[in-house]
Amino acid sequence: MAAHLSYGRVNLNVLREAVRRELREFLDKCAGSKAIVWDEYLTGPFGLIAQYSLLKEHEVEKMFTLKGSRLPAADVKNIIFFVRPRLELMDIIAENVLSEDRRGPARDFHILFVPRRSLLCEQRLKDLGVLGSFIHREEYSLDLIPFDGDLLSMESEGAFKECYLESDQTSLYHAAKGLMTLQALYGTIPQIFGKGECARQVANMMIRMKREFTGSQNSIFPVFDNLLLLDRNVDLLTPLATQLTYEGLIDEIYGIQNSYVKLPPEKFAPKKQGDGGKDLPTEAKKLQLNSAEELYAEIRDKNFNAVGSVLSKKAKVISAAFEERHNAKTVGEIKQFVSQLPHMQAARGSLANHTSIAELIKDVTTSEDFFDKLTVEQEFMSGIDTDKVNSYVEECIAQKHPLIKVLRLVCLQSVCNSGLKQKVLDYYKREILQTYGYEHILTLHNLEKAGLLKPQLGGRNNYPTIRKTLRLWMDDVNEQNPTDISYVYSGYAPLSVRLAQLLSRPGWRSIEEVLRILPGPHFEERQPLPTGLQKKRQPGENRITLIFFLGGVTFAEIAALRFLSQLEDGGTEYVIATTKLMNGASWIESLMEKPF
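The notes below deal with the structure included here. (Residues numbered from 1 in each chain as written. Predicted model: local features only at pLDDT ≥ 70, side-chain atom pairs only at ≥ 80, totals over all residues. Heavy atoms only, no water.)

1. With respect to the layout of surface pockets
- The space that makes up the largest pocket amounts to roughly 590 Å³.
- Around the largest pocket sit 33 residues that line it, and Gln-257, Lys-580, Leu-581, Ser-586 and Glu-589 are the ones nearest its centre.
- Contributions of two or more residues to the lining of the largest pocket are made by α2 (40–47), α6 (159–164), α10 (246–254), β10 (256–257) and α23 (584–591).
- Among the residues forming the lining of the largest pocket, the class breakdown is 13 nonpolar, 11 polar and nine charged. (1 Å grid on protein atoms, 1.4 Å probe; cavity = no way out; pocket = protein on both sides within 12 Å on 5 of 7 lines; lining within 4 Å. Points joined across faces, edges and corners; volume = space filled by probe spheres on them. Helix = DSSP H or I, 4+ residues; strand = E, 2+ residues; numbered from the N terminus. Nonpolar A, V, L, I, M, F, W, Y, C, P; charged D, E, K, R; others polar.)

As structure tokens, this is what we get:
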């Protein structure tokens, strides 16, 4: 059991257990000792559902990363490939299998496609002459992976690009399948709301899948009251801005991958007396970040400016607790102190780690460049000077700052102005290509196709209307004790979360005009429940809404939704699902064409 998955109203351990059971069943089909060959991208997501101990119980003796040429020697009966259905990976697998066949005693080969089998991939293996070598060719539908008690992700890195640039609906199909799995475990979701083209398609796929499974009536009492499907392109603005929550900044600066972060080791080296800083560790410090850690659960969603005071209060509490040992006089008191010691030591270690992380972040946030960039972002979001060439952006290009930083700012300006005037757009494009290289012309084309960097059509800027109607910009933000979701960006309230907030109360009818301006249809569907399963809410009991971001979600948006869940009179608690956890940099990077 993973305790941090069951702290909320929805116990996500049920999903984790179902996924683990399926994995165990597959491993048991391959009798005897086993070696697993991993597609490297899958090791992170799999680590969240099955530790090495579970694999070991099922006779997994060796694990390798999928690489060309020969596999390392392993005295095992079965070799199992865990891979995504990608053609380029099939070529590597074929190379591995052929070199093993030449090596000597026959092995049993198996292949597990995650999350779906692919005819194209099997055809490629057939063309390479190795398809017959596999005894089991199966799929493992790892669609939604539980990250935390209120957070699920598909970790599909290409989902946004596939949906909006390549019109490939594969990830939408996986999203619909994942939602069907959730409904099989947690009951039918009575109401579906959605906004956006992809949301409409996912809802249609779900309704069709439900029709196809008419034979089996779902008799589980529904846990969720509503499902809200939201397209990422309904709110292109939020991921482009710099997140200002503690977790958001860790992700912006260091990147959180599958709930782990790698940090510079110098800050975490134990300080010994008189060694003058010799032998500093060179290996990056790897920490897991989730709500299993008490302190992290408390500070992760706070604005970074409010974190310092929490850490100093915690430090006082912990040192006072350690001082208690001097007051322990009787055997009973000493025994009680000793029993609390492991928890106190863990709390002290956790405090030391987060103090070091906060210092690392502070070094960045107090720099002049961070302040300048933030000022420009906030000017754009509050509607100041969005229609002309920005001098700070010009400066960044002239000094050849990282291209992703420049693209984020230019795209932010474009989105906050409903597109740029042709003259301004051409100027930016020319400057970027002349400074960073003409190979980036394909990247600029992708950004335009995704609606991030485009000419203003019809000379109308709709952003001010959206900003005012949805109250996206708040001048007086209380970062220490917030009263509104805008604290996560120190002034800007994420559009996506504002839509969720208004849907819950007073309903979308109040913002029909803005919904028409935003891209894609908005809709509502009801899924009838068998009699006896209708939910009767107790007075004061909150509704539970599952909100699914198609195309990715940021940690700042997650923090804003958690803030809404915790409001006394909010009336709704949110569980968040997404195709990918992302930030502005990883998002822009996924849309960049790699120069050949």
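2. Observations concerning helix α12 (residues 307–323)
- End to end, α12 covers 25 Å across 17 residues, agreeing with the expected 24 Å (1.5 Å per residue, within 8%).
- Every buried residue of α12 is accounted for by Val-307, Val-310, Leu-311, Ile-318 and Phe-322. Looking straight down α12, one finds that the buried residues subtend no more than 105° of arc, so they occupy a single side. The outward face of α12, more than 90 degrees from its buried face, is lined by the exposed residues Lys-313, Lys-316 and Val-317. (Expected span 1.5 Å × (residues − 1). Buried < 20%, exposed > 50% of the residue type's maximum accessible area, 1.4 Å probe, protein only. Arc of directions from axis to C-beta.)

3. A short note on the nonpolar core
- Core analysis: the largest hydrophobic core is formed by 167 residues, its most contacted members being Phe-46, Phe-82, Leu-229, Leu-452, Leu-499 and Phe-548.
- Not counting residues within four places of it along the chain, the set of residues in contact with Phe-46 comprises Leu-23, Trp-38, Phe-82, Val-114, Tyr-140 and Leu-142.
- Counting 23 residues, the second largest nonpolar core, distinct from the first, contains Leu-66, Leu-71, Ala-94 and Leu-125. (Core = buried A, V, L, I, M, F, W, Y, C linked by side-chain atoms within 4.5 Å. Contact = heavy atoms within 4.5 Å.)

4. A look at unusual backbone geometry
- Cis rather than trans, the peptide bond between Val-114 and Pro-115 has omega equal to 0°.
- By the element assignment, Pro-115 lies in the loop between β4 (108–113) and α5 (119–127).
- The residue after Arg-505, namely Pro-506, is reached through a cis peptide bond having omega 10°.
- Position of Pro-506 among the secondary structure elements: in the loop between α20 (495–504) and α21 (512–517).
- For Ser-167, which is not a glycine, the phi torsion comes out positive at approximately 50°.
- One can find Ser-167 in the loop between α6 and α7 (170–186).

5. Some details on the packing of aromatic side chains
- Applying the stated criterion across every chain yields a total of 15 aromatic pairs.
- Relative to Phe-304, the ring of Tyr-246 lies with its centre 6.4 Å away and its plane at 5°, an arrangement referred to as stacked. Taken as a pair, Tyr-246 in helix α10 and Phe-304 in the loop between α11 (294–299) and α12 lie far apart in primary sequence, 58 residues in all. As far as burial versus exposure is concerned, Tyr-246 and Phe-304 are alike and both buried.
- Feature note: the residues Trp-38, Phe-46, Phe-82 and Tyr-140 constitute an aromatic cluster, connected by ring pairs.
- Sitting over the ring of Tyr-260, Lys-286 keeps its end group 4.8 Å from the ring centre. (Phe/Tyr/Trp six-rings, centres within 6.5 Å; stacked < 30°, edge-to-face > 60°. Lys NZ or Arg CZ within 6 Å of the ring centre and 35° of its normal.)

6. Focus on the environment of Leu-546
- By the secondary structure assignment, Leu-546 is in strand β14 (residues 543–550).
- The exposure class of Leu-546 is buried, given its relative accessible area of 0%.
- A sequence separation of 384 residues divides Leu-546 from Glu-162, and the C-alpha atoms of the two residues are 23 Å apart.
- Not counting the four nearest positions on each side in its chain, Leu-546 is found in contact with Leu-179, Leu-182, Ile-189, Phe-224, Asn-226, Leu-227, Leu-228, Val-575 and Ala-577.

7. Some points on the packing of α20 against helix α22 (residues 555–566)
- Two numbers describe how α20 lies on α22: the axes approach to 9 Å, and their chain directions differ by 25°. Between α20 and α22, the crossing angle belongs to the class labelled roughly parallel. α20 and α22 meet at a crossing whose hand is right-handed. Side by side, α20 and α22 meet where Ser-496, Val-497, Ala-500 and Gln-501 of the first sit next to Glu-557, Ala-560, Leu-561 and Leu-564 of the second.
- Considering only residue class, the contact of α20 with α22 consists of five nonpolar, two polar and one charged. (Axes fitted to C-alpha atoms, helices over the stretch in contact; angles between N-to-C directions. Parallel < 35°, antiparallel > 145°, perpendicular 65-115°, else oblique. Left-handed = near helix turned anticlockwise from the far one by under 90°.)

8. So, the pattern of salt bridges
- According to the stated counting rule, one finds 35 salt bridges in the structure shown.
- The partner of Glu-359 in a salt bridge is Lys-267, with the nearest N and O atoms 3.1 Å apart. One end of the pair, Glu-359, is in helix α13 (residues 331–365); the other, Lys-267, is in the loop between β11 (260–263) and β12 (285–288), with 92 residues separating them in the sequence.
- The exposure class assigned to Glu-359 is partly exposed, which follows from its relative accessible area of 37%.
- Residue class for Lys-267 comes out partly exposed when judged on its relative accessible area of 29%. (Salt bridge = Lys/Arg side-chain N within 4 Å of Asp/Glu carboxyl O.)

9. What about the sheet that holds β11?
- Read from one edge to the other, the open sheet built from three strands follows the order β10-β11-β12, with strand pairing classed as antiparallel. Of all the strands in the sheet, just β10 and β12 have a single pairing partner and so form its edges.
- Where β11 and β12 come together, four bridges link them in antiparallel fashion. From the neighbouring strand, Lys-262 faces β12, where its bridge partner is Lys-286. (Pairing = 2+ DSSP bridges.)

10. A word on a negative patch on the surface
- On the surface, a cluster of negative charge is contributed by Glu-22, Glu-25, Asp-28, Glu-59, Glu-61, Asp-75 and Glu-139.
- In terms of residues, the negative patch owes the most to one element, helix α1 (residues 13–29), which gives three residues.
- Following the sequence through the fold, Glu-139 ends up in strand β5 (residues 134–139).
- For Glu-139, a relative accessible area of 37% translates into the label partly exposed. (Patch = residues over 30% accessible without salt bridge, like charges linked within 9 Å, V, L, I, M, F, W, Y side chains within 5 Å. Areas by Shrake-Rupley, 256 points an atom, 1.4 Å probe, with all protein chains shown as cover. Lys, Arg positive; Asp, Glu negative; His and termini not counted. Charge placed at Lys NZ, Arg CZ, Asp CG, Glu CD.)

Interpretation note: all reported values are geometric properties and have no functional meaning in isolation.
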